Amino acid sequence: MYACIRILRRQFSTQSAERGKQWAGHAAMKHLIQSKPSVIGLGSGSTIVYAIEYLKQHPFSNDVVCIPTSFQTRQLILQNKLKMGSLDNYPIIDMTIDGADEIDLELNAIKGGGACLFQERLVAQASDRFILVADDRKRSDQLGTKWIKGVPVEVMPIALTTVQYKLERMFSTASIKLRMATPTDKAGPVVTDNGNLILDCHFGPISDPGLLYKEIKCLSGVLDVGLFCKMAETAFIGNNQEDKGEII
Ligand code: 5RP
């Protein structure tokens, strides 16, 4: 009986999260199309799928060049028969939409829940305008309080052990774990699109995300850190209960 209620509750919360993601993905893409960009960046994750769904239904999709941020997004661009570009051909992007795992009111974000943080940042930094999309479970007053998996740090395999020890010494109260492909650990670690590994670093509430980003990013062997500080101009946050949301 209680197990049944738990399953129903979980199903309800998953369905309502999808409603929030759909609103955010559709609203952000509608906003993007209004400015008629010629080159756009497409982030990674499940919320972006809704943005691409909206784009595909619009005639504008025949003209715009899409730059992917991951293997997943590359496949979505191919499946939806959109025009694919790369940063080599299009080093400057008009506007990028990307998901996030946690967003604060100053538009700092934790990203990398899908392990695509490095290419996501490359595309975001090449973009004149950067927009985040998420459902309202991700909205936070302080980073590190909502996203329970911690800040992802992408590390080269050769540097894994030494970087992990270094981080543990630098942040003695943090919990730092190598991301595994399955909870049972049997499938081995998650390997990123760049052939690297992910350390999920749980620091608790983060008082200065910009400083934390700099402290970790400068370590040799670290390719990127999933803290995107003040890069976004706007975030579209979908309400999980109703077909509406807010723009921050
Ligand atoms: C992948 C990301 C994603 O954008 C982030 O994890 C959000 O994903 P979702 O839209 O599925 O919640 O940063 O590296």
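Relevant structure appears above.
Here the residue numbers are simple positions, counted from 1 along each chain's written sequence. In keeping with the model being predicted, local features are shown solely for residues with a pLDDT of at least 70 and side-chain atom pairs are shown and tallied solely at 80 or more, while totals for entire chains, interfaces and linings include all residues. In computing side-chain properties, one takes all heavy atoms of the structure into account and sets aside hydrogens as well as water.

Asker: Can you help me understand the environment of Val225 in this one?
Answerer: Helix numbering and strand numbering both begin at the N terminus, where a helix is a DSSP run of H or I of at least 4 residues and a strand a DSSP run of E of at least 2. Mapped onto the elements, Val225 comes out in strand β12 (residues 222-225). Note on exposure labels: buried denotes an accessible area under 20% of the residue type's maximum, exposed denotes more than 50%, and partly exposed covers the range between, all computed with a 1.4 Å probe on protein chains only. Look at Val225 and you get buried, because its relative accessible area is 0%. Residues in contact with Val225, not counting those within four places in the same chain, are Leu117, Arg121, Val151, Pro152, Val153, Tyr213, Ile216 and Lys217. Contacts are assigned to residue pairs that have any heavy atoms within 4.5 Å of one another.

Asker: Sorry, what's going on with the side chain of Thr234 here?
Answerer: Tracing the backbone shows Thr234 in strand β14 (residues 234-238). On the accessibility criterion, Thr234 (12% relative accessible area) is buried. Setting aside its immediate chain neighbours within four residues, Thr234 contacts Leu107, Phe130, Ile131, Leu132, Ile247 and Ile248.

Asker: Is there a simple way to think about the nonpolar core in this case?
Answerer: The nonpolar side chains of soluble globular proteins are, as a tendency, buried together. Only buried residues count toward a nonpolar core. Its members are Ala, Val, Leu, Ile, Met, Phe, Trp, Tyr and Cys residues joined through side-chain atoms within 4.5 Å. Counting 25 residues, the largest nonpolar core has Val153, Leu167, Leu199, Phe203, Ile216, Val225 and Leu227 as the members making the most contacts within it. Of all the elements in the fold, those that place two or more residues in this core are β9 (151-155), α5 (160-170), β11 (197-202), α6 (209-217) and β12. Beyond its immediate sequence surroundings of up to four residues, Ile216 is in contact with Val153, Leu167, Phe171, Phe203, Val222 and Val225. Of all hydrophobic cores here, the second largest spans 23 residues; its members include Phe60, Ile131, Val133 and Phe236.

Asker: So what exactly am I meant to see when it comes to the packing of aromatic side chains here?
Answerer: Working definition: an aromatic ring pair is given by the centre-to-centre distance plus the angle between the planes. Classification of ring pairs rests on two measures: the distance between centres of Phe, Tyr or Trp rings, Trp counted by its six-membered ring, which must be within 6.5 Å, and the angle between planes, read as stacked under 30 degrees, edge-to-face over 60 and tilted in between. Applying the stated rule across the entire model yields three aromatic pairs. The interplanar angle of 40 degrees and the centroid separation of 6.3 Å between the aromatic rings of Trp23 and Phe236 together place this pair among those described as tilted. Taken together, the residues Trp23 in helix α1 (residues 2-34) and Phe236 in strand β14 connect sequence positions 213 residues apart. Considering the side-chain rings of Phe171 and Phe203, the 5.0 Å spacing of their centres and the 70 degrees angle between planes classify their relative orientation as edge-to-face. Residue Phe171 is located in the loop between α5 and β10 (175-178), and its partner Phe203 is located in the loop between β11 and α6; the two are separated by 32 residues in the primary sequence. In this structure, Phe171 and Phe203 share a single accessibility class: buried. Lying across the ring of Phe228, Lys111 places its NZ or CZ 5.5 Å from the centre. Here the basic side chain of Arg121 rests over the ring of Phe228, its NZ or CZ set 4.2 Å away from the ring centre. Either the NZ atom of lysine or the CZ atom of arginine qualifies as a charge over a ring when it sits within 6 Å of the ring centre and within 35 degrees of the ring normal.

Asker: Can you help me understand the site of the ligand in this one?
Answerer: A molecule or strand has a residue near it when one of that residue's heavy atoms lies within 4 Å. With respect to spatial proximity, 16 residues lie near the ligand, and among them Ser44, Ser46, Thr47, Asp101 and Lys138 are the closest. We define a polar contact as two N or O atoms separated by no more than 3.5 Å, with the added condition that, inside protein, one atom must be a possible hydrogen donor and the other a possible acceptor, whereas residues neighbouring each other in sequence contribute only through side-chain atom pairs. Within the backbone of Ser44, a nitrogen or oxygen atom sits 2.7 Å from an oxygen atom of the ligand. At 2.7 Å from an oxygen atom of the ligand is found a side-chain nitrogen or oxygen belonging to Lys138. Of the residues in the shell around the ligand, the class split is three nonpolar, eight polar and five charged. The classification used treats Ala, Val, Leu, Ile, Met, Phe, Trp, Tyr, Cys and Pro as nonpolar, Asp, Glu, Lys and Arg as charged, and all other residues, Gly among them, as polar.

Asker: Would you take a moment to explain the side chain of Glu102 for this structure?
Answerer: Here Glu102 lies in strand β5 (residues 102-104). Positive charges come from Lys and Arg alone, negative charges from Asp and Glu alone, with His and the N- and C-terminal ends not counted. Here a salt bridge means any side-chain nitrogen of Lys or Arg lying within 4 Å of a carboxyl oxygen belonging to Asp or Glu. Despite its burial, Glu102 pairs with no opposite charge; the closest candidate is Lys146, at 7.0 Å N-O. Polar contacts involving the side chain of Glu102 include one to the side chain of Ser140, which spans 2.8 Å. A distance of 3.0 Å separates the side chain of Glu102 from the backbone nitrogen of Gly144, its partner in a polar contact.

Asker: Can you walk me through the sheet that holds strand β2 (residues 65-68) in this structure?
Answerer: For sheets, the rule is that strands pair by backbone hydrogen bonds, running either parallel or antiparallel. One bridge is not enough; two strands pair if DSSP finds at least two bridges between them. The strand order β3-β2-β1-β4-β7-β14-β15 describes an open sheet built from seven strands, whose pairing is mixed. The outermost strands of the open sheet, each flanked by one partner alone, are β3 (83-84) and β15 (245-247). Across four bridges, the pairing between strand β1 (residues 39-42) and β2 is parallel. If you follow Leu42 over to β2, its bridge partner there is Pro68. Strands β1, β2 and β3 of the sheet are contacted by helix α3 (residues 71-79), whose axis makes an angle of about 155 degrees with β2. Whenever a helix is involved, its axis is fitted only over the stretch in contact; in every case the axis is a line through C-alpha atoms, and angles between N-to-C directions fall within 0 to 180 degrees.

Asker: Is there a simple way to think about α5 in this case?
Answerer: Since the α-helix advances by 3.6 residues per turn, residues separated by three or four positions end up pointing in the same direction. Along α5, the residues that are buried comprise Leu160, Val163 and Leu167. The arc that holds the buried residues of α5, viewed along the axis, is 70 degrees, so those residues lie on one side. Away from its buried face, by an angle of more than 90 degrees, α5 presents the exposed residues Thr161, Thr162, Tyr165 and Arg169. Looking at the packing, one finds that the buried side of α5 touches β9, β10, β11, α6 and β12. As used here, the arc belongs to the directions running from the helix axis to the C-beta atoms.

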